[in-house]
Amino acid sequence: MTDLTRGGGRTPDSESTGKRRKKGRSRGSRNAIIVFINFMLGLAVIALIGGAAMFYWGKLQFEGRGPLQQDVTYMVPRGGALATISDGLANAGIISNPLVFQVGARLSGAGGQLKAGEYGFPAGTSMQQVLEKLVAGRSIVHSVTVPEGWTVAQIYARLEGDDALMGNLPPMPAEGSLLPETYTFTRGTSRNELISQMSDAHTAMVEQIWATRVDNLPIDTVEEFVTLASIVERETGVDAERPHVASVFINRLRQNMRLQSDPTFIYGIWGGAGKPSGEPLRRSHIQSDTPYNTYVIPALPPGPIANPGRAALEAVAKPLETDDLYFVADGEGGHVFAQTLAEHNRNVARYREVMRARGAAAAAENSDAELVE
């Protein structure tokens, strides 16, 4: 018989043992892969939970009450990048976290839409509200009012003193070339830009009103039109009177009479700066030899004496139809008109009586006040 226990042959037991070892290694490899996958899935779940927590925290920070304890204004610079703007807002105490603000801006698609300007932020403004305001450009609006009848010099003095404007003023334009109006602007607007706006507005309005003028006016050019409107402007501040005042000057021009307007010789002596408040008017002023003195020259002055507004321009373009050649103050802020010199002289005498009575009453009040003291 052959001895099966000798030689290199495998026994059934050894074969089964090998099979068991292979199965063990296979199961171990599979277990290691499963463990690794489970580990990675666990990390993913943790990361997901962490990310969700961070997103929720960031959302609360972005939408929640901001750190401001009181209302503030803040200037967002021109050309600033999102990171620069967010850092500036954080440094000013308007937002609590510049990174959250940047993420919120980018996620909303507004990262490149933030507008420069001066903004007002109430206490507790959230980052979301800050972003919405900057995207909408709801910056603080300033205004400057130029009264009708001001000279260019007076307008320049007002703009020079407005600290919301930037830059130097350009050389002074011609008198009567700027439109009196209320102009709105944002902080940082240049003074030159505002002057250009006033000039453009004046040109547009003059062209519009000049085109609607009545026929047969004794003025031939736009320059004469603005000049006469400036005189009307300086003679009365009552809107309803302007067409009547304009009619007096139109009638005088038609009859080749001197206009005899006080504001013209005042401008001829003191220019756009105006008469000093403590300087009384004298007869020598009325007789002054300047090209603007309509007590001397038998025509319009060589140019405007102020900047007329819409009402004065419209009054000259469509004056009241009258035969009046004179007017004088009535002592109540308005004027009385006359067709003849005799009637005018009576009005002047009446005005002087009113002023004398008013002066006497004022003196009596001062005397009573001194007695009480």
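For the structure itself, consult the block above.
Residues numbered from 1 in each chain as written. Predicted model: local features only at pLDDT ≥ 70, side-chain atom pairs only at ≥ 80, totals over all residues. Heavy atoms only, no water.

Q: Just checking my understanding: could you explain the overall build of the protein chain for this structure?
A: For the protein chain, the helix and strand inventory stands at 12 helices and six strands. Looking at the 373 residues of the protein chain, the share that counts as buried comes to 36%. When contacts within the protein chain are restricted to residue pairs at least 6 apart in sequence, those whose partners lie at least 24 apart make up 62%. Accessible area for the protein chain stands at about 21900 Å²; split by element, carbon and sulfur atoms hold 54% of it. (Helix = DSSP H or I, 4+ residues; strand = E, 2+ residues; numbered from the N terminus. Buried < 20%, exposed > 50% of the residue type's maximum accessible area, 1.4 Å probe, protein only. Contact = heavy atoms within 4.5 Å. Areas by Shrake-Rupley, 256 points an atom, 1.4 Å probe, with all protein chains shown as cover.)

Q: What is the right way to read unusual backbone geometry from this model?
A: Excluding glycine, a negative phi dihedral is what most residues carry, and trans is how most peptide bonds are arranged. With phi around 60°, Asn-256 is a residue other than glycine that occupies positive phi space. Along the polypeptide, Asn-256 turns up in the loop between α8 (242-254) and α9 (262-270). For Asn-256, a relative accessible area of 66% gives the class exposed. Of note, the phi angle at Gln-260 is positive, near 50°, even though the residue is not glycine. Tracing the chain through its elements places Gln-260 in the loop between α8 and α9.

Q: Any chance you could explain the packing of helix α6 (residues 191-210) against helix α7 (residues 222-235) here in plain terms?
A: The angle between the axes and the distance between the axes are what describe a pair of packed helices. Viewed as axis vectors pointing N to C, α6 and α7 meet at an angle of 100°, and their least axial separation amounts to 11 Å. Taken together, α6 and α7 sit at an angle that is classed as roughly perpendicular. Within the contact between the two elements, α6 uses His-202, Val-206, Ile-209 and Trp-210 and α7 uses Val-222, Phe-225 and Val-226. Here the residues of the contact of α6 with α7 are counted per class, giving six nonpolar, one polar and no charged. (Axes fitted to C-alpha atoms, helices over the stretch in contact; angles between N-to-C directions. Parallel < 35°, antiparallel > 145°, perpendicular 65-115°, else oblique. Nonpolar A, V, L, I, M, F, W, Y, C, P; charged D, E, K, R; others polar.)

Q: What exactly am I supposed to notice about the nonpolar core here?
A: Burial of nonpolar side chains together is a common tendency in soluble globular proteins. Grouped together as the largest cluster of nonpolar side chains are 45 residues, with contacts concentrated most on Leu-159, Met-198, Ile-219 and Phe-225. Listing elements by their share of this core, those giving two or more residues are α5 (152-160), β4 (182-186), α6, α7, α8 and α11 (310-317). Top contributing element to this core by residue count: α6, with seven residues. Once residues within four sequence positions are removed from consideration, Ile-219 is found in contact with Trp-210, Glu-224, Phe-225, Leu-228, Leu-253, Leu-300 and Val-316. Formed by 20 residues, the second largest nonpolar core is a distinct cluster that contains Ile-85, Val-100, Ala-110 and Leu-114. (Core = buried A, V, L, I, M, F, W, Y, C linked by side-chain atoms within 4.5 Å.)

Q: Where do I start with the pairing of strand β3 (residues 141-145) in this structure?
A: Of the two faces of β3, only one is covered, namely that formed by His-142 and Val-144; the face formed by Val-141, Ser-143 and Thr-145 stays uncovered. Of the strand pairs in this sheet, β3 and β4 are connected by five bridges, and their pairing is antiparallel. Bridging across to β4, His-142 finds its partner in Phe-185. (Pairing = 2+ DSSP bridges.)

Q: Explanation requested: the side chain of Thr-189 in the structure shown.
A: With respect to the secondary-structure elements, Thr-189 resides in the loop between β4 and α6. Only 2.8 Å separates the side chain of Thr-189 from the backbone oxygen of Thr-186, close enough to count as a polar contact. When near neighbours in sequence (up to four residues on either side) are disregarded, Thr-189 contacts Ala-164, Leu-165 and Met-166. (Polar contact = N/O pair within 3.5 Å; in protein donor to acceptor, adjacent residues only side chain to side chain.)

Q: Sorry if this is basic, but what is going on with the pattern of salt bridges here?
A: Using the criterion set out here, one finds six salt bridges in the structure. With a shortest N-O distance of 2.9 Å, Glu-118 and Arg-187 are connected by a salt bridge. Here Glu-118 is found in strand β2 (residues 117-121), whereas its partner Arg-187 is found in the loop between β4 and α6, with 69 residues between them in sequence. According to the relative accessible area criterion, Arg-187 is partly exposed, its value standing at 26%. Glu-279 is the partner of Arg-282 in a salt bridge, and the nearest nitrogen-oxygen pair spans 2.6 Å. Residues participating in the shared-partner salt-bridge network are Glu-148, Glu-233, Asp-239 and Arg-242. (Salt bridge = Lys/Arg side-chain N within 4 Å of Asp/Glu carboxyl O.)

Q: Can you walk me through helix α2 (residues 82-91) in this structure?
A: For the α-helix, the turn length of 3.6 residues means that residues three or four positions removed from each other point alike. Inspection of α2 places Leu-82, Ile-85, Ser-86, Gly-88 and Leu-89 among the buried residues, and these make up the whole buried set. The buried residues of α2 occupy an angular sector of 160° when the element is viewed end-on, so they sit on one face. Considering only its buried residues, α2 is in contact with β1 (72-76), α3 (98-107), β2 and α4 (127-136). Looking one or two places after α2, you find Gly-93, whose phi comes out positive at around 80°. (Arc of directions from axis to C-beta.)

Q: Would you mind showing me how to read a nonpolar patch on the surface here?
A: On the surface, Leu-99, Val-103 and Leu-107 cluster together into a nonpolar patch covering about 320 Å² of accessible area. Here Val-103 falls in the partly exposed class, since its relative accessible area comes to 42%. (Patch = residues over 30% accessible without salt bridge, like charges linked within 9 Å, V, L, I, M, F, W, Y side chains within 5 Å.)

Q: Can you help me understand the packing of α7 against α11 in this one?
A: Viewed as axis vectors pointing N to C, α7 and α11 meet at an angle of 115°, and their least axial separation amounts to 8 Å. Once α7 is placed against α11, the crossing between them reads as right-handed. Contact with α7, carried on its side by Phe-225, Leu-228, Ala-229, Val-232 and Glu-233, involves Ala-312, Leu-313, Val-316 and Ala-317 of α11 and no other residues of that element. Looking at the contact of α7 with α11 residue by residue, the classes come out as eight nonpolar, no polar and one charged. (Left-handed = near helix turned anticlockwise from the far one by under 90°.)

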